[in-house]
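Residues per chain are reported as follows:
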Amino acid sequence: MALRPFSRVKGKVQLTLLSLLALLVVLSACQSGGSQGQNPQQQNKQTTLNILASPAGNFSSANFNPYISPNAGGMYGAQGMIYETLIYVNRYNGEIKPILASDYKLSDDVKSITFTIRQGVKWSDGQPFSADDVKFTLDMLKKYPATDTSGLWTTLIQDYAQPDANTIKVNFKNADATATWLFSQTYIVPKHIWEAKSNPATDKNEKPVGTGPYTLKEFSPSAYTLVKNPNYWESGKPEIAQLRYIATNDNTAAMLRLSRGEIDWAGVGWDPKFDANFVNKDPKNYHHWFESNNTVMLYLNLTKFPFDIPEVRQAISTAINREEIKQKAAPYGVPANPTGLLPAHKDWIAPEYQNASFTHDTAKATQLLEKAGFTKGSDGIYQKDGKRLSFNMNVPNGWADWQSALAVISDNLKAAGIEAKPNAMASPEIYSNALNTGNYDTAISWTNKGPSPFFFLNDWLLSSNTWDQGKAANGGATNWQHWKDSETDNLLHQYRTTSDKEAQKKALYGIQKIVVEKLPSIPLYYNVSWFEYSTKNATGWPDKDNPYAYGSPFDAPDCTQIVLRLKPAA
Amino acid sequence: MRHLLRRIAFYLAALWASVTINFILPRLMPGDPVQAYVNRLRGQGTITQATLDAIRLQLGVSNDPLWIQYFHYLGNLLRGELGIATSHFPTPVVQVIATDLPWTIGLVGVASIISFLLGTLLGVVVSWKRNSWVDTVVTPLLTFFSAIPYFWLALGLLYIFSFNMGIFPLGGGYDALSDIYPGWNLDFILSVLLHAILPALTVVISSISGWVLGMRNAMVTTLSEDYVLLARAKGLPERRVMFTYAARNAILPNITGLGMSLGFVVGGALLTEMVFSYPGIGFDLLTAIRGFDYSLIQGIFLMIAIAMLTANFLSDIVYALLDPRVRHERG
């Protein structure tokens, strides 16, 4: 056990250090050689796009089951790139494009839909695709409810029939104009492979076989590559040879890689100060486009004092300075239209609210409070019957933009004699649990998105989407504020049961009037969809002048439609 | 031998205790794993109570009384079944850990050992040449480096060497941007080595001063012992006095420290993994805690407990080898 004399150790240390140094030099040489490996020759042969969908750590396993969403452990690309749907509904503008169905027809009474199955489509293993695969998929969703991620069988489908070999007619339980959207989220899987799976809901499907424009080439936890499907049915597409999805642990690392030009397509949370290292560095190639895609609201628990008093809700809304939020907290967050509808859905906004906007007026807020019987206490905070106008505003800790938005709101409300305390909660799960069970005062949160304003209004305002007595609605509440109003429910029902767009518009106009006048929650500003891209390797991305889709790489199957439009850069 | 047996009995008891605490702790956390999982499936239409129960079963969350769950848990542990990681559904915990553990051990383990060896050696040299320029420069300098908050140091080095100078890659375990795939090929191995240099350097820089100072202080005490004086008086070569007489005795506290730090290796180095986007256990643990993934939390804690106990056991053995008093229990 005797330790060696120092001289020899010293010699060894020096030797080790020297060899380490040598190794380092060799490695750096290899590295620089490696990165220049994309020589022009190779680039002509094939274009690879590096995609950074979401900084959520390493990919845990090759889980290409299209019925396990990326939020629940699935891999990006399984939905859309590898597996396709019958039809595609663009969630930006609501346009419908036939995919695996060459045609579709929603009946006039919206009680059934008929799909004509596309001919000449092949699975990536060479087997032909047919109506049998569609039937198999529908049956599988019924047999394994956990795979039925859009709730087709629980909410929509009564049964289906096959009038002839290439036609499938699906009958609904009730008239439902939203059926096209549900089918646009239902991925068709091959019968000859999936019928052998013992539980499709938990199967990892490590070797996916789909009809989509790409197939899996190689998977590793740090990155996986999808390669062009030679059998793809749309001739000449896709023009991009490979898609490579990259794992990152956090936004800072993602930022660094973007600024080094390593990434072609990203959906990373942004701040104007990042521009110096990205857009400003190479304005010709590096771009971003942040389009509003859902409305951030201040949700008030309507079952609690004082939010059950309409004047209090109006006072809170009037006291908030939305321009200040944009300046200090959400640089891309345009103040919301009082109806809460998105700019992309301008066609659906009632004529009287087309140009409406919120006005910030502290004096009017205090008048409203006094009208409702509140008096100012000695501490400067309004009160009624001995109860102070004081409440918490929930937000997940670390969601910096929302936390700073609440700081602005807190100051605004204080000026109007309302004490609103930001309440940073330990984790997003604890925070959403509070929302889902109604165990909160107020909270800042998003609204759902969809191809028309109906989807967000329905989730936000329909009575049956709320929690009750401390229990979440099945599948999680979305009517967090507990808005129960039969008139709203009727109008939502009217939209759902007609295929006449004018009648649908009229129904939504009615709901907008309720939203503006009664303020079920307080619309603040729009959340944007994060979308950064480089035109070095590919062109044809959606942007301000050609807004054909939200650009985020994680909206499936919209991302596939973007890739199909891309062309390799000259 | 008796000493060894007693230690083994002690470690078995400690293992049982840590396994039990491991079972209880996650269940004391506020929140419900099934609800957390369902939240992630938002937009799944209507989920009936039956589906919720099915998910519960799938995730291995049962409504049995705690003591029954406890025995199920012990039984599963013995069979090596750690359940399904809900945050990586439907991947088993064992697979999640197996994917990331080699990266963690490779990077943090090797860096810790390098740091220990370099630091201890430096401590010996510094104490031997006490009050020389080596001592007055090296010791405060290292203390200064280790006083820099780790993430700041790591980000700084990343900014200078990777971002500005481009000598090292920006992060990741290997070059995932070219067509390199994990396996026993030269491209991959070189790429892994290159990607490990900067993270390893930060780990070494931030931890080395502890070893140096520990060794230096222990050496200073030992050097004033009579047997060192005797060894010198006998006219033994200086190196021999330094290593076989002084250092062998002074290294004992550092050996304990090494046991501890090797035990911690398995827990991953979260900050390193964050800054360098390096694959590893630390980030898994973070996502598991955020997502109420009890099985994965338990799996990782179990690894940490076992690694900790093993490392301490090994350092006990080394102790016995280095110090005859421990061996003969006549301390």
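Residues numbered from 1 in each chain as written. Chains lettered and ligands numbered in written order. Predicted model: local features only at pLDDT ≥ 70, side-chain atom pairs only at ≥ 80, totals over all residues. Heavy atoms only, no water.

(A) Local environment of the overall build of chain A. The helix and strand tally for chain A stands at 16 helices and 23 strands. A compact globule built from 570 residues should have a C-alpha radius of gyration of about 25 Å, and chain A, at 27 Å, falls within 12% of that. On the principal axes, the C-alpha backbone points of chain A span a range of 85 × 80 × 55 Å. Within chain A, contacts between residues separated by at least 24 positions form 69% of all contacts whose residues are at least 6 apart in sequence. When the accessible surface of chain A is totalled, it reaches about 23,100 Å², and 49% of it is carbon and sulfur. Treating the 56 positive side-chain charges of chain A as one cloud and the 54 negative ones as another, the clouds have centres 7 Å apart. (Helix = DSSP H or I, 4+ residues; strand = E, 2+ residues; numbered from the N terminus. Rg over C-alpha atoms; globule rule 2.2 N^0.38 Å. Contact = heavy atoms within 4.5 Å. Areas by Shrake-Rupley, 256 points an atom, 1.4 Å probe, with all protein chains shown as cover. Lys, Arg positive; Asp, Glu negative; His and termini not counted. Charge placed at Lys NZ, Arg CZ, Asp CG, Glu CD.)

(B) Summary view of the packing of aromatic side chains. Residue and element names in this part refer to chain A. Per the counting criterion, the structure on display carries 47 aromatic pairs over all chains. Centre to centre, the rings of Trp-402 and Trp-446 are 5.9 Å apart; their planes meet at 40 degrees, and the pair counts as tilted. Here Trp-402 is found in helix 11 (residues 400-415), whereas its partner Trp-446 is found in the loop between strand 19 (442-445) and helix 13 (453-461), with 44 residues between them in sequence. Overall, Trp-446 belongs to the partly exposed group, its relative accessible area being 26%. An aromatic cluster is defined as three or more aromatic residues linked by ring pairs; in this entry it consists of Tyr-299, Trp-399, Trp-402, Tyr-431, Trp-446 and Trp-480. Looking at Arg-322, its charged tip hangs above the ring of Phe-358, at a distance of 3.6 Å from the centre. Its end group placed over the ring of Phe-305, Lys-387 keeps NZ or CZ at 4.3 Å from the ring centre. (Phe/Tyr/Trp six-rings, centres within 6.5 Å; stacked < 30°, edge-to-face > 60°. Buried < 20%, exposed > 50% of the residue type's maximum accessible area, 1.4 Å probe, protein only. Lys NZ or Arg CZ within 6 Å of the ring centre and 35° of its normal.)

(C) Expanded view of the packing of helix 8 (residues 310-319) of chain A against helix 10 (residues 362-371) of chain A. Residue and element names in this part refer to chain A. In the contact formed by helix 8 and helix 10, the axes pass within 8 Å of each other and the chain directions differ by 170 degrees. Relative to helix 10, the element helix 8 is oriented roughly antiparallel. Residue-level contacts link Glu-311, Val-312, Gln-314, Ala-315, Thr-318 and Ala-319 of helix 8 to Lys-364, Ala-365, Leu-368, Leu-369 and Lys-371 of helix 10. (Axes fitted to C-alpha atoms, helices over the stretch in contact; angles between N-to-C directions. Parallel < 35°, antiparallel > 145°, perpendicular 65-115°, else oblique.)

(D) Representation of helix 16 (residues 558-565) of chain A within the structure. Residues and elements named next belong to chain A. Within helix 16, 7 of the 8 residues are buried, which leaves it mostly tucked inside the rest of the structure. Residues of helix 16 that are buried: Asp-558, Cys-559, Thr-560, Gln-561, Ile-562, Val-563 and Leu-564. Packed against the buried residues of helix 16 are strand 2 (87-89), strand 3 (96-98), strand 8 (214-220), strand 10 (242-246) and strand 11 (265-266).

(E) Inspection of the nonpolar core at higher detail. If you look at the biggest cluster of nonpolar residues, it comprises 152 residues, and the most contacted ones within it are Phe183(A), Leu243(A) and Ile316(A). Those residues in contact with Ile316(A) that lie beyond four places of it in its chain are Leu298(A), Leu300(A), Phe307(A), Phe391(A), Leu413(A), Ile418(A) and Ile522(A). If you look at the next biggest cluster of nonpolar residues, it comprises 53 residues, including Ile246(A), Ala254(A), Met255(A) and Leu157(B). (Core = buried A, V, L, I, M, F, W, Y, C linked by side-chain atoms within 4.5 Å.)

(F) Representation of unusual backbone geometry within the structure. Of the consecutive residues Lys237(A) and Pro238(A), the connecting peptide bond is found in the cis state with omega at -10 degrees. Along the chain, the position of Pro238(A) falls in the loop between strand 9 (223-228) and strand 10. At Asn131(B), a position not held by glycine, the phi torsion is positive, near 70 degrees. Assignment of secondary structure puts Asn131(B) in the loop between helix 5 (93-128) and helix 6 (133-147). Since its relative accessible area comes to 64%, Asn131(B) is described here as exposed.

(G) Summary view of the domain arrangement of chain A. Residues and elements named next belong to chain A. For chain A, the assigned domains read domain 1 (7-81 + 212-290 + 530-568), domain 2 (87-194) and domain 3 (294-528). The C-alpha centroid of domain 3 is placed 37 Å from the C-alpha centroid of domain 1. In this complex, domain 1 contributes 9 residues to the contact, which on the side of domain 3 involves 6 residues. In total, domain 1 and domain 3 occlude about 610 Å² of area from one another, counting both sides; carbon and sulfur atoms represent 62% of this. Broken down residue by residue, the surface that domain 1 buries against domain 3 is led by Phe-290, Trp-530 and Tyr-550, which jointly contribute 63%. Linking domain 1 with domain 3 are 1 salt bridge. Linking domain 1 with domain 3 are 1 residue pair in polar contact (both at pLDDT 80 or more). (Domains from an automatic or database assignment. Buried area = accessible area lost by both parts, 1.4 Å probe. Salt bridge = Lys/Arg side-chain N within 4 Å of Asp/Glu carboxyl O. Polar contact = N/O pair within 3.5 Å; in protein donor to acceptor, adjacent residues only side chain to side chain.)

(H) Representation of helix 7 (residues 150-164) of chain B in the model. Between the first and last C-alpha of helix 7 of chain B there are 20 Å, a value that for 15 residues agrees with the 21 Å anticipated at 1.5 Å per step. Among the residues making up helix 7 of chain B, those that are buried are Tyr150(B), Leu153(B), Ala154(B), Leu157(B), Leu158(B), Ser162(B) and Phe163(B). At its buried positions, helix 7 of chain B is contacted by helix 7 (251-259) of chain A together with helix 8 (186-223) and helix 12 (270-276) of chain B. Immediately downstream of helix 7 of chain B, the backbone of Gly166(B) shows phi near 70 degrees, a positive value. (Expected span 1.5 Å × (residues − 1).)

(I) Expanded view of the domain arrangement of chain B. Residues and elements named next belong to chain B. Domain boundaries assigned for chain B yield domain 1 (2-88) and domain 2 (97-287 + 300-322). Taken residue by residue, the interface counts 13 residues in domain 1 and 11 residues in domain 2. Among the residues domain 1 hides against domain 2, the three largest losses belong to Tyr-11, Leu-15 and Asn-22. Together they make up 41% of the total. Viewed at the interface, domain 2 and domain 1 are joined by 1 salt bridge. In this structure, the connection of domain 1 to domain 2 is made through 4 residue pairs in polar contact (both at pLDDT 80 or more).

(J) Structural context of empty space enclosed by the protein. Evaluation of the coordinates by the stated rule reveals 9 cavities of 30 Å³ or more. Put simply, the second largest cavity is a space of about 80 Å³. Ser222(A), Ala247(A), Gly172(B), Gly173(B) and Ser277(B) are, among the 13 residues lining the second largest cavity, the residues nearest its centre. In terms of residue class, the lining of the second largest cavity is made up of 5 nonpolar, 7 polar and 1 charged. (1 Å grid on protein atoms, 1.4 Å probe; cavity = no way out; pocket = protein on both sides within 12 Å on 5 of 7 lines; lining within 4 Å. Points joined across faces, edges and corners; volume = space filled by probe spheres on them. Nonpolar A, V, L, I, M, F, W, Y, C, P; charged D, E, K, R; others polar.)

(K) Examining the confidence of the model for chain A more closely. Residue and element names in this part refer to chain A. Averaged over chain A, the pLDDT score is 88; the fraction of residues at 70 or greater is 92%. Under a pLDDT of 50 for its full length, residues 1-13 has, in the predicted model, 15 contacts with residues more than four places off or in other chains. Segment residues 27-44 is flagged for pLDDT under 50; beyond a separation of four residues in sequence, or across chains, it makes 12 contacts in the model. (pLDDT = per-residue confidence, 0-100.)

(L) Region of the structure containing the sheet that holds strand 6 (residues 157-161) of chain A. All names here are of chain A. Strand order across the open sheet formed by 4 strands is 4-5-7-6, with antiparallel pairing between neighbours. Edge positions in the open sheet fall to strand 4 (101-106) and strand 6, since each of these has one partner strand only. On average, each strand axis in the sheet is inclined to that of its neighbour by 20 degrees, with strand direction left out of account. Pairing analysis gives 5 bridges linking strand 5 (residues 112-117) to strand 7 (residues 167-172), with the strands arranged antiparallel. Bridging from a neighbouring strand, Ile-113 pairs with Val-170 of strand 7. (Pairing = 2+ DSSP bridges.)

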